[in-house]
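Descriptive analysis of the structure
So the chains spell out like this:
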Amino acid sequence: MTNAIEVSGLNTFYGKSHILHDVSIVAEEGSVTTLLGRNGAGKTTTMRSIMGLTPARSGTVKVFGTDSVKLAPYRVARLGVGYVPEGRRVFPNLTVEDNLKVPQGAKGPFDIPRIYSLFPRLEQRKMNRGRQLSGGEQEMLSIARALLLNPKVLILDEPSQGLAPLIVRDVFKIVSSMKQEGMTVLLVEQNVRMALEVADTAYVLDHGVVVHKGPAAALAADENLIQSLAGASAEEWDLDKAH
Ligand SMILES: Nc1ncnc2c1ncn2[C@@H]1O[C@H](COP(=O)(O)OP(=O)(O)O)[C@@H](O)[C@H]1O
Ligand SMILES: [Mg+2]
């Protein structure tokens, strides 16, 4: 199995704050890997370190075997890594259609017609401006724009954040169709149940340390393990189950 992304022994700081402690994560080609953990655990920092946006102080990142830890973000992207950051970043004054025309990507399975068939809602709204969209529509537009670059790996940072349950379903359906296309997905989530449903492998991060790694199905089936791993975040995980 090829490793699409291989993170080893990553240590990342914000100023003097040591945030990531020897974080090691592997995303196998063609699989969905989820990174779970409570707010502040270091999930976003891990993704930013992979992308070169918050460079790690030590450790290595390999993208399809190429050492990328010292590369600028645009060069990491050129290795085939797409990134949908936390919070929605769409051009508020451009129409949906024009937002979709911005990415100049590699040829591949995703073009605008394909995007419209995956996200019918975006086609209905194509003449609306970014700022007129609902949170769910903006999230879909953010994901759609990343897909148009036809990356080999797509990193999604909390795509379900703040979305209504029905929209969350749609977002996760899209993750499944990316996997069917053979794309590698690295999914950061706080929605534990949904993430474990779609993922092959799950990691749990706590205080910048990887505290669990294993098959997603095994974690999903083990309430006690979820609870013990959750530690201080048990309430959030409970909250999630209550939905
Ligand atoms: N730009 C920043 N400057 C200083 N500290 C930060 C910054 N961004 C995040 N942090 C801190 O780093 C830790 C990890 O944050 P983050 O990676 O955003 O966690 P998560 O995505 O898991 O919620 C938190 O304690 C957070 O307060
Ligand atoms: Mg985050």
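Now for a look at the structure at hand. The structure displayed is predicted, hence computed values, not measured ones. Position labels on residues start from 1 in each chain and follow its written sequence. Written order decides the labels, with chains lettered from A and ligands numbered from 1. Local features in this predicted model are restricted to residues whose pLDDT is 70 or higher, and side-chain atom pairs enter the listing and the counts only when it is 80 or higher, whereas totals over whole chains, interfaces and linings include all residues.

1. With respect to the nonpolar core
For soluble globular proteins, the rule of thumb is that nonpolar side chains tend to be buried together. One finds Ile115, Ala144, Ile155, Val185 and Leu187 to be the most contacted residues of the largest nonpolar core, which totals 69 residues. Under the scheme used here, helices are H or I runs from DSSP no shorter than 4 residues and strands are E runs no shorter than 2 residues, and both carry numbers assigned from the N terminus. With 6 residues, the single largest contributor to this core is helix H6 (residues 135-147). Excluding residues within four positions of it along the chain, alanine 144 makes contact with Leu100, Ile115, Phe119 and Leu122. To form a nonpolar core, buried Ala, Val, Leu, Ile, Met, Phe, Trp, Tyr and Cys residues must be joined through C-beta atoms within 7 Å. Every C-beta atom is placed from the backbone, and the number of other C-beta atoms within 10 Å of a residue's own sets its class: buried at 20 or more, exposed at 12 or fewer, partly exposed in between. This entry defines residue contacts through backbone-placed C-beta atoms, with two residues in contact when those atoms are within 7 Å.

2. Some remarks on the pairing of strand E8 (residues 184-189)
Taken across its 6 residues, E8 has 6 buried, putting it largely inside the fold. Both faces of E8 are covered, namely the face carrying Thr184, Leu186 and Val188 and the face carrying Val185, Leu187 and Glu189. Pairing analysis gives 5 bridges linking strand E3 (residues 32-36) to E8, with the strands arranged parallel. If you follow threonine 34 over to E8, its bridge partner there is leucine 187. When DSSP finds at least two bridges between two strands, those strands are taken to pair. Inspection of the sheet shows strand E7 (residues 153-157) paired to E8 by 5 bridges, in the parallel sense. The residue of E8 that forms the bridge with isoleucine 155 is leucine 186. With helix H7 (residues 165-180) bridging E7 and its parallel neighbour E8, the resulting β-α-β unit is right-handed. Place the viewer so that the strands point away; then a crossover is right-handed whenever the path from the first strand over the helix to the second strand goes clockwise.

In short, shape yes, function no, at least from these values alone.
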